[in-house]
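# Examination of the molecular architecture
What follows is each chain in one-letter form.
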2 protein chains.
Amino acid sequence: MSTALLEATIAAIQPLDQAWLAQAQERLDQLTKPRGSLGRLEELAAWYVAVRQEPLPTIKKKVVVIFAGDHGVVAEGVSAYPQEVTFQMVANFVRGGAGINVLARHVGAEVQIVDIGVNHEFTGMPGLLNRKVAPGTRNLAREAAMRREDAVAALTVGIEVAQAAVAAGGDILATGEMGIGNTTPAAAVAAAFTGQPAAAVTGRGTGVDDATYQHKVQVIEQALALHRPDPQDPLGVLAAIGGLEIGGLAGLMLGAAAARRPVLVDGFIATAGALVAVRLCPAVRDYLQAAHQSAENGHQVMLADLGLRPLLQLDMRLGEGTGAALGMFLVEAGLRIYREMATFAEAGVSDKDSGEPAAAGNSVHGGPPH
Amino acid sequence: MSTALLEATIAAIQPLDQAWLAQAQERLDQLTKPRGSLGRLEELAAWYVAVRQEPLPTIKKKVVVIFAGDHGVVAEGVSAYPQEVTFQMVANFVRGGAGINVLARHVGAEVQIVDIGVNHEFTGMPGLLNRKVAPGTRNLAREAAMRREDAVAALTVGIEVAQAAVAAGGDILATGEMGIGNTTPAAAVAAAFTGQPAAAVTGRGTGVDDATYQHKVQVIEQALALHRPDPQDPLGVLAAIGGLEIGGLAGLMLGAAAARRPVLVDGFIATAGALVAVRLCPAVRDYLQAAHQSAENGHQVMLADLGLRPLLQLDMRLGEGTGAALGMFLVEAGLRIYREMATFAEAGVSDKDSGEPAAAGNSVHGGPPH
């Protein structure tokens, strides 16, 4: 597997231009509200403008990308659900019955489902993108989850999916995933990159009991002791203790950032993907927003490491991209504020600094300004 | 002013029936997700079902009601903006250029604007509901903000506006307000009901400087010392140190609860209205959700008193109903989860408790069940 696309993508990612942020805030400060009074909605608007580098950008197409993969580590008994739930849920996604389908419809987003590593041969699944790198990972508690070249392949799939989404008109992307057992590699990746002990970054996933939770922590400790992953080698970390969908998620973020498209990062698994992406290319962080604070223990450790502040705190822990879908709606809310609110001058409203009524404009309206 | 409607409305409000909450959670637990994994979205869905007392309710019409009023206390120099901004912003609402108009459009809600006490004679404002009780309050630092009968009148306007919104098909209501200077009466009301000192519940409103902030705290202390409002007499508190729009907001909550319609409470001012409503009738609390945690200092004191946990923390402090509009969208998200997600049986997904694949249903779909 060539690393050419990965290297070219990383090389193309530029840090956010602060001048665009300042220009966007200047417009926000002319709108009929006290300065800064829409808080994070204003921040999201300025961020979107700066990512897109357009003075009046739009959001026409929102895409949630779900990477699905299986995990050899389920042999250790770390999940409350059997492995076949991964492919059963992929079928549920394709038929539109899962949580992410409902929330994507609610926010007006499309859903793209990618089989990057499910341990199942799908037939008759129109709409499912087959980019299977391998039929699941190996058991990371006993051996490397994947070969280094499979890690490159997973990242490459993510980059190519991002490129395709952008080519199809995607303005903003959200990350989703499905993979029974995947909180275990995600926690292992978090421990490897943040230096925190396994217990500090391990949660109960889909809901394991106390004994299984203790066992899960031990499995992660065992894997870290076995592989001694080097945080300076993100590809090595991903290969030893990661997952195929975690690689896909990281690749999606890199591909989106290279094309100047913003990404809403979902919860625990997606944030592990963000750690891989940011360790490969620190500038990618500027293109990410943390959609929500997962109820999964350890998520806040990863977010703090990345310097990302979650938009929503709704005690969600489903994954699939459910938090990220809601996050896209908030970005759109901020952008509509930026585009559609009247300015003090347009509305003839007195601004605080003058204390005098502004000149009434002749183009007061609710639609987008010119 | 007769208190007949107020009394009849309070008498009609019943506490939420816990059996409806349990029945809704039973359905939520059959959906293809780990139990409880959609956190507060599930809580909102069950709440909506229990408020409406329907097994499969819908949300067809969402209404944001904005009460606008002026405040005599602006004579004390407590606001960063001149009083005419109240009527200028009402005109902005009518023309669709304000923040609440944008966010209401974004969430698909209608906006109803009520002049309950603006110090301005409006002409040629189609869409503005004239229910003016008085052209603003008196200066609460020197005399009672309003007569007791005006407080009853303001509450009655709120109840009647709620009744009209329900009669027009409103499924869910959100509270909004506009009134230059209204963080001062809101903070005074908060201090009177919670027993906290003025400094603990007073914020910077639209953005006053340090000296003005200190002065604002002193004005509120002076008002509390002058009127000695009795928290056991909510009408007396509202009359002495409240505002006409605060009365309207409280009335809206009472009227909605009596008609079993849920209400999203916006920020600082609306929560002061909620305190008045809950002190008049404790059961009204079951019909309220706090949409967001305002950046205004003291909001959390009021929310803690009411036992309400805010849905959003977005550093917003605009008012107008902007947080409440976003909150309605989250309720709708929860309800769609409840209505549209496939069950384990429908989707043929293995549940955790059985470990065996569920029988594949013959009605897997993304639309509402039955």
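Now for a description of the structure that goes with this document. Remember, it's a predicted structure, so these values are computed and weren't measured experimentally.

### With respect to the overall build of chain A
- Within chain A, the regular secondary structure consists of 15 helices and six strands.
- The C-alpha radius of gyration of chain A comes to 21 Å, within 12% of the 21 Å expected for a compact globule of 370 residues.
- By principal-axis analysis of the C-alpha atoms, chain A measures approximately 75 × 45 × 40 Å.
- Sorting the 370 residues of chain A into buried and exposed places 63% on the buried side.
- In chain A, once contacts between residues fewer than 6 apart in sequence are set aside, the share between residues at least 24 apart is 76%.
- Surface summary for chain A: the accessible area is close to 11900 Å², and the carbon and sulfur share equals 50%.
- Of note, chain A has its 28 positive side-chain charges centred 2 Å away from the centre of its 37 negative side-chain charges.

### Things to note about the relation of the copies chain A and chain B
- Take chain A, turn it by 180°, move it 0.0 Å along the axis, and it overlays chain B with an RMSD of 0.0 Å. The transformation relating the two chain copies, once decomposed into turn and shift, fits a two-fold axis. Identified as the residue of chain A closest to the rotation axis by C-alpha distance is A:Leu312, at 3.2 Å.
- An overlap of 100% is found between the interface residues of chain A and their copies at the interface of chain B, pointing to a shared contact surface.

### Some points on the pairing of strand 1 (residues 62–69) of chain B
Residues and elements named next belong to chain B.
- The element strand 1 is largely enclosed, with a buried count of eight among its eight residues.
- Relative to strand 2 (residues 109–117), strand 1 runs parallel, the two being bridged by eight bridges. Following the sheet pairing, Lys62 is matched in strand 2 by Ala109.

### Considering the packing of helix 1 (residues 4–12) of chain B against helix 11 (residues 244–258) of chain B
Residue and element names in this part refer to chain B.
- Interaxial distance between helix 1 and helix 11 falls to 8 Å at its minimum, and their mutual angle equals 50°. Comparing the axis directions of helix 1 and helix 11 gives the class oblique. Seen along the crossing, helix 1 lies across helix 11 with a hand that is left-handed. For the pair formed by helix 1 and helix 11, the contact residues are Leu6, Thr9, Ile10 and Ala12 on the first element and Leu254, Gly255 and Ala258 on the second.

### Remarks on the pairing of strand 2 (residues 109–117) of chain A
- Pairing geometry for strand 2 of chain A and strand 3 (residues 128–130) of chain A, over three bridges, is parallel. Looking across to strand 3 of chain A, one finds that A:Asp115 is bridged to A:Asn130.

### A word on the packing of aromatic side chains
- Applying the stated criterion to the full structure yields one aromatic pair over all chains.
- Here A:Phe329 and B:Phe329 contribute two aromatic rings whose centre-to-centre distance is 3.5 Å and whose plane-to-plane angle is 5°, an arrangement assigned as stacked. Remark: B:Phe329 occurs in helix 14 (residues 322–340) and A:Phe329 occurs in helix 14 (residues 322–340); the pair is interchain, linking two chains.
- Classification of A:Phe329 by relative accessible area gives buried; the value is 5%.
- Above the ring of A:Tyr338, the side-chain terminus of A:Arg27 is found at 5.6 Å from the ring centroid.

### A look at unusual backbone geometry
- Within the chain, A:Asp315 stands out as a residue other than glycine whose phi angle is a positive 60°.
- Here A:Asp315 is to be found in the loop between helix 13 (299–306) and helix 14.
- With a phi angle near 70°, B:Glu320 is a residue other than glycine that sits in the positive phi range.
- The residue B:Glu320 is located in the loop between helix 13 (299–306) and helix 14 in this model.

### Looking at the interface of chain A and chain B
- In this assembly, 63 residues from chain A lie in contact with 63 residues from chain B.
- At the junction of chain A with chain B, the criterion picks out four salt bridges.
- Note that A:Arg309 is salt-bridged to B:Asp315, the shortest N-O span being 2.9 Å.
- Counting the contacts that link chain A with chain B gives 24 residue pairs in polar contact (both at pLDDT 80 or more).
- Elements represented by at least two residues in the side of chain A that touches chain B include exactly helix 3 (39–52), helix 4 (84–95), helix 5 (99–107), helix 14 and helix 15 (344–347) of chain A.
- A per-element tally of the side of chain A that touches chain B places helix 14 of chain A first, with nine residues.

### With respect to the pattern of salt bridges
- Per the counting criterion, the structure on display carries 38 salt bridges over all chains.
- Its salt-bridge partner being A:Glu110, residue A:Lys61 comes within 3.5 Å of it at the nearest N-O pair. Here A:Lys61 is found in the loop between helix 3 and strand 1 (62–69), whereas its partner A:Glu110 is found in strand 2, with 49 residues between them in sequence.
- Using a relative accessible area of 42% as the deciding quantity, one classes A:Glu110 as partly exposed.
- Residue B:Arg35 is joined to B:Asp351 by a salt bridge in which the shortest nitrogen-to-oxygen separation is 3.3 Å. With a gap of 316 residues between them, B:Arg35 in the loop between helix 2 (18–28) and helix 3 (39–52) and B:Asp351 in the segment after helix 15 (344–347) connect regions that are remote in the sequence.
- Taking relative accessible area as the criterion, B:Arg35 reaches 34% and is therefore assigned partly exposed.

### Some remarks on the sheet that holds strand 3 (residues 128–130) of chain B
All names here are of chain B.
- Read across the open sheet, the six strands follow the order 3-2-1-4-5-6; overall the sheet is parallel. Taken across any chain shown, the strands that pair with only one partner, and hence form the sheet edges, are strand 3 and strand 6 (288–290). Averaged over all pairs of adjacent strands, the angle between strand axes in this sheet comes to 30°, irrespective of strand direction.

### Focus: the packing of helix 7 (residues 183–194) of chain B against helix 12 (residues 268–280) of chain B
Residue and element names in this part refer to chain B.
- Where helix 7 contacts helix 12, the axes come no closer than 9 Å and their chain directions differ by 40°. By the criterion of interaxial angle, the relationship of helix 7 to helix 12 is oblique. Our pair here, helix 7 against helix 12, has a crossing hand that is left-handed. Along the contact surface, helix 7 presents Thr183, Ala186, Ala187, Val189, Ala190, Phe193 and Thr194, while helix 12 presents Phe268, Ile269, Ala272, Leu275, Val276 and Arg279.

### Comments concerning the sheet that holds strand 4 (residues 172–178) of chain A
Residue and element names in this part refer to chain A.
- Ordered by their spatial adjacency, six strands build an open sheet running 3-2-1-4-5-6, and the pairing between neighbours is parallel. The two strands at the open ends of the sheet, each matched to only one other strand, are strand 3 and strand 6 (288–290). Here the strands of the sheet are splayed against their neighbours by 30° on average, with no regard to which way each runs.
- Two strands pair when backbone bridges link them, and strand 1 and strand 4 are joined in this way by seven bridges, in the parallel orientation. Pairing of Val64 across the sheet is with Ala174, part of strand 4.

### Comments concerning helix 5 (residues 99–107) of chain B
- With eight of nine residues buried, helix 5 of chain B lies mostly within the body of the structure.
- Among the residues making up helix 5 of chain B, those that are buried are B:Gly99, B:Ile100, B:Asn101, B:Val102, B:Leu103, B:Ala104, B:His106 and B:Val107.
- Residues of helix 5 of chain B that are buried make contact with helix 3 and helix 14 of chain A together with strand 1, helix 4 (84–95), strand 2 and helix 14 of chain B.
- Immediately downstream of helix 5 of chain B, the backbone of B:Gly108 shows phi near 75°, a positive value.

### Notes on the side chain of A:Thr322
- Mapping A:Thr322 onto the fold places it in helix 14.
- Within the local environment of A:Thr322, its side chain forms a polar contact with the backbone oxygen of A:Gly319, the two atoms lying 2.8 Å apart.
- Every residue in contact with A:Thr322, bar those within four places of it in the chain, is listed here: A:Gly99, A:Ile100, A:Leu103, A:Asp266, A:Met316 and B:Leu38.

The rules we used
Residues numbered from 1 in each chain as written. Chains lettered and ligands numbered in written order. Predicted model: local features only at pLDDT ≥ 70, side-chain atom pairs only at ≥ 80, totals over all residues. Heavy atoms only, no water. Helix = DSSP H or I, 4+ residues; strand = E, 2+ residues; numbered from the N terminus. Rg over C-alpha atoms; globule rule 2.2 N^0.38 Å. Buried < 20%, exposed > 50% of the residue type's maximum accessible area, 1.4 Å probe, protein only. Contact = heavy atoms within 4.5 Å. Areas by Shrake-Rupley, 256 points an atom, 1.4 Å probe, with all protein chains shown as cover. Lys, Arg positive; Asp, Glu negative; His and termini not counted. Charge placed at Lys NZ, Arg CZ, Asp CG, Glu CD. Least-squares fit on C-alpha atoms with pLDDT ≥ 70 in both. Pairing = 2+ DSSP bridges. Axes fitted to C-alpha atoms, helices over the stretch in contact; angles between N-to-C directions. Parallel < 35°, antiparallel > 145°, perpendicular 65-115°, else oblique. Left-handed = near helix turned anticlockwise from the far one by under 90°. Phe/Tyr/Trp six-rings, centres within 6.5 Å; stacked < 30°, edge-to-face > 60°. Lys NZ or Arg CZ within 6 Å of the ring centre and 35° of its normal. Salt bridge = Lys/Arg side-chain N within 4 Å of Asp/Glu carboxyl O. Polar contact = N/O pair within 3.5 Å; in protein donor to acceptor, adjacent residues only side chain to side chain.

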